[in-house]
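These are the residues of each chain, in order.
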Amino acid sequence: MTTLEIPRADWQCKLVVIGDSGVGKTSVMRRFTDNEFSFNFVATIGIDFKVRTIKVKEKMIKVQIWDTAGQERFRSITTAYYRGAKGVIIVYDITSLKSFSHVNNWVINFNRWAGDDVQALLVGNKCDLEDQRVVTKMAGEKLAKEHGMEFSETSAKDCTNVDIAFMRILEKIVEKH
Ligand code: GTP
Ligand code: MG
C-alpha cells in the first residue's frame, strides 16, 4: 500500500484572473494554490497557470487558474484566454482608486470575450492595508451587485478570505453544473 495519496478529481474547472497590474492577482492565486506569499513584485508576463484540487460541495474539483498580466503592454485578453472558462475573478486593490475605477473596463472585456454562463467574482485585495484604504467595502459590494458578481475582500499577505473567495465562486459554478 502506498502512503502517497493523489486526490482524484471528479471534475475540472478553469478560472481566469484579471485586473490591473500590481493589484495582487498572482499573489492571491499563489496563496490559494501553494499557500505562499512574497513582497517582491514580479509582474506577470503574458500568462501563468496554477492548479489546485479542492473539495467543493462533496465533489473533488481540479481548479485550473489562468493568471493574466495586468500590464498594458502584455494585455490582449481575448477569446483564447476565456475559452472554456467557468469563472472569472476580477481583482482590484483597496488602496488604489485607479484599479477600482478600471473594474468596469474589465467587466466590459469579459462580457465581450467570455461565454454567457461564466460566473464572476469581484475581489478587493490588500485588505491588510486598512490605514491606506481608499475604496470602502460598501463601494466594492455595490459595484459587484450592479454587475451580478459575487464579492470578497482578501489579503494574500495575511491569508484573509482567500480560500473563502475561491470557494464562493466555485460553489456557484458547481451548483450550475
Ligand atoms: P501583474 O502580474 O503585473 O498583473 O500584477 P499582479 O496583479 O499579479 O500583482 P502581484 O500579485 O505580483 O502583487 C503586486 C505587489 O503587491 C507585490 O509586491 C505583492 O507582494 C503585493 N501584494 C499582493 N497582495 C497583497 C496583499 O494582500 N497585501 C499586501 N500588503 N501586499 C500585497
Ligand atoms: Mg501577476
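Each chain carries its own residue numbering, running from 1 in the written order of its sequence. As a convention, the first chain written is A and the first ligand written is 1, with the rest following in written order. Note on the predicted model: pLDDT of at least 70 is required for a residue's local features to be given, and 80 or more for side-chain atom pairs to be given and counted; whole-chain, interface and lining totals, by contrast, use all residues.

- Looking at an unreviewed UniProt entry, one finds the protein named Ras-related protein Rab-1, with Ciona intestinalis as its source organism.
- UniProt positions are given in the numbering used here, feature names are shortened, and annotations may be inferred rather than shown by experiment. Of the protein, the UniProt comment under Subcellular location (unreviewed entry) reads exactly: "Membrane".
- In UniProt, the protein has this text filed under Sequence similarities (unreviewed entry): "Belongs to the small GTPase superfamily. Rab family."

**Looking at helix 6 (residues 162-176)**
Working step 1: In a regular helix each residue adds 1.5 Å, so 15 residues correspond to 21 Å; helix 6 covers 22 Å between its end C-alpha atoms and thus fits that length.
Working step 2: Each residue is classed by its C-beta neighbour count within 10 Å, where at least 20 other C-beta atoms makes it buried, 12 or fewer makes it exposed, and intermediate counts make it partly exposed; the C-beta atoms are placed from backbone geometry. Secondary structure elements follow DSSP: runs of H or I no shorter than four residues count as helices, runs of E no shorter than two count as strands, and numbering proceeds from the N terminus. Taken as a whole, helix 6 has its buried residues at Val162, Ala165, Phe166, Ile169, Leu170 and Ile173. All buried residues of helix 6 fall inside an arc of 120° around its axis, so they share one side. Projecting away from the buried face of helix 6 at angles above 90 degrees are the exposed residues Ile164 and Glu175. Expected helix span is taken as 1.5 Å per residue step, with the number of steps being one fewer than the number of residues. In this description, one arc is meant: the one made by directions from the helix axis to the C-beta atoms.

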